[in-house]
Amino acid sequence: MAKTVCVKKTAGKECPVVDRILAAAEKLFSKHGFAAVSMNAIAKEAGTSKANIYHHFRAKDDLHQAALRFAAEGIKTLLENVEESGGTAWRKLELFAQAHIEGMHSHADMSRLILRELLTNGRKRGREIAESGFARNFSTLTTLIRKGQKNGELRKDLDPAAVTALVLAANIFFFQNNDVLRHYREVTFADDPEGYVKTVSEILLNGIRSR
């Protein structure tokens, strides 16, 4: 576990250093994978010493978990903003889908880090990723869908967890395949993630909305 945890609202003098370390770790882990990245490389990228990294993080595993927690906190913030927005359940899902895909692109290194870990070490690190906060976020979004089913806005015959998975999967597919999609003659949405989300939302949300 990290010895120092930076929270933006209460950031202390050490936090800028920790933030640089986390940013460097995120960038290098996402590019090369966890096993291939040394603490020396992270220190060089962060502009600090290896000893300073060990002052804040006891081991590379702890640094990796901290980077994942930061990513999970970002999604948690998206969900909180959506929940506070008011409106219908399906409108909240649409807003989350839009914010989620924008977040994946604006924090591309972190998104790649998570997806790389799932693809290459999912069996080994799946539990770690889930417990970093992603399971909590999945549960929050699923609860939102379940509430929509309970109040009659969304179809009650659908598994709410499966709906959550579909919303996330559509965005992940776009993020992972965008560089290929832009070379498909029929694809006009490669540079228009907002339009893509709107189309997917219409298809998905109209399918789950209560008639």
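Residues numbered from 1 in each chain as written. Predicted model: local features only at pLDDT ≥ 70, side-chain atom pairs only at ≥ 80, totals over all residues. Heavy atoms only, no water.

### Focus: the side chain of N137
Spelled out, the test is: Under the DSSP-based scheme used, a helix requires at least four consecutive residues in state H or I and a strand at least two consecutive residues in state E, with every element numbered from the N terminus. Throughout, a residue-residue contact means that at least one pair of heavy atoms, one from each residue, lies within 4.5 Å.
Within the secondary structure, N137 is located in helix α6 (residues 108–150). Not counting residues within four places of it along the chain, the set of residues in contact with N137 comprises A72, I75, K76 and L79.

### Structural notes on the packing of helix α5 (residues 89–106) against α6
Geometry of a packed helix pair, given as the angle between the helix axes and the separation of the axes. This is how the line gets drawn: Here an axis means a line fitted to C-alpha atoms, over the contact stretch when the element is a helix, while the angle between two N-to-C directions is reported on a 0 to 180 degree scale. Should an angle fall under 35 degrees it is called roughly parallel, over 145 degrees roughly antiparallel, and 65 to 115 degrees roughly perpendicular, with every other angle called oblique. Note: crossing handedness is left-handed where the near helix turns anticlockwise from the far helix by less than a right angle, and right-handed where it turns clockwise. Gly counts as polar in this scheme, as do all residues outside two lists: the nonpolar Ala, Val, Leu, Ile, Met, Phe, Trp, Tyr, Cys and Pro, and the charged Asp, Glu, Lys and Arg.
The N-to-C vectors of α5 and α6 enclose an angle of 160°; their axes lie 12 Å apart at closest approach. When the axes of α5 and α6 are compared, the pair comes out roughly antiparallel. With respect to the hand of their crossing, α5 and α6 are arranged in right-handed fashion. Between α5 and α6, the residues in contact are A89, K92, L93, F96, M104, H105 and S106 and A108, S111, L115, L141, L144, I145 and G148, respectively. Looking at side-chain class alone, the contact of α5 with α6 contains nine nonpolar, four polar and one charged residues.

### Points about the nonpolar core
Definition in use: As used here, the term nonpolar core means buried Ala, Val, Leu, Ile, Met, Phe, Trp, Tyr and Cys residues forming a set that is joined through side-chain atoms within 4.5 Å. The cut-offs for exposure are 20% and 50% of the maximum accessible area for each residue type, with area from a 1.4 Å probe on protein chains only; residues under the lower value are buried, those over the upper are exposed, and the others partly exposed.
Counting 50 residues, the largest nonpolar core has I21, I42, I53, F57, L63, L93 and F96 as its most contacted members. Ranked by residues supplied to this core, first place goes to helix α4 (residues 60–84) with 10 residues. Setting aside its immediate chain neighbours within four residues, I21 contacts I42, A46, T48, I53, H56, F57 and L63.

### Things to note about the packing of aromatic side chains
Selection criterion: Planes of paired rings set the category: under 30 degrees apart is stacked, over 60 is edge-to-face and the rest tilted, where pairs are Phe, Tyr or Trp rings (Trp by its six-membered ring) whose centres lie within 6.5 Å.
Under the defined criterion, the tally for this structure stands at four aromatic pairs. Centroid distance F189 to Y196: 5.3 Å. Interplanar angle 35°. Geometry classified as tilted. The exposure class assigned to F189 is partly exposed, which follows from its relative accessible area of 26%. An aromatic cluster is built from F174, F189 and Y196, whose rings are joined through pairwise contacts.

### Here's the deal with the pattern of salt bridges
Worth spelling out the cut-off: Throughout this description, the term salt bridge denotes a Lys or Arg side-chain nitrogen within 4 Å of a carboxyl oxygen of Asp or Glu.
Applying the stated criterion across every chain, the model contains eight salt bridges. One salt bridge in this structure joins E73 and R136, with 3.6 Å as the shortest N-O distance. On the criterion of sequence distance, the pair formed by E73 in helix α4 and R136 in helix α6 is long-range, its members being 63 residues apart. The partner of R155 in a salt bridge is D157, with the nearest N and O atoms 2.7 Å apart. Residues joined in a network through salt bridges with shared partners are D179, R182 and D191.

### Examining α4
Note the threshold: Multiplying one less than the number of residues by 1.5 Å gives the expected span of a helix.
Over its 25 residues, α4 runs 36 Å from end to end, which matches the ideal 36 Å to within 8%, given 1.5 Å per residue. The positive-phi residue at the C-terminal boundary of α4 is G86, with phi of around 75°.

### A few points about the confidence of the model for the protein chain
Selection rule: The predictor's confidence in any single residue is recorded as pLDDT, a number from 0 to 100.
Across the protein chain, pLDDT averages 83, with 92% of residues at or above 70. At the low end of the mean pLDDT range in the protein chain sits α4, at 82; at the high end sits helix α2 (residues 39–46), at 93. Note on residues 1–13: pLDDT under 50 across the span, and 17 contacts to partners over four residues away in sequence or across chains.

### Comments concerning the packing of α5 against helix α7 (residues 160–181)
In contact at an axis separation of 10 Å, α5 and α7 are set at 35° when each is read in the N-to-C sense. Our pair here, α5 against α7, has a crossing hand that is right-handed. Between α5 and α7, the residues in contact are F96, A97, H100, I101, M104 and H105 and V167, L168, N171, I172, F174 and F175, respectively. Grouping the amino acids of the contact of α5 with α7 by side-chain chemistry returns nine nonpolar, three polar and no charged.

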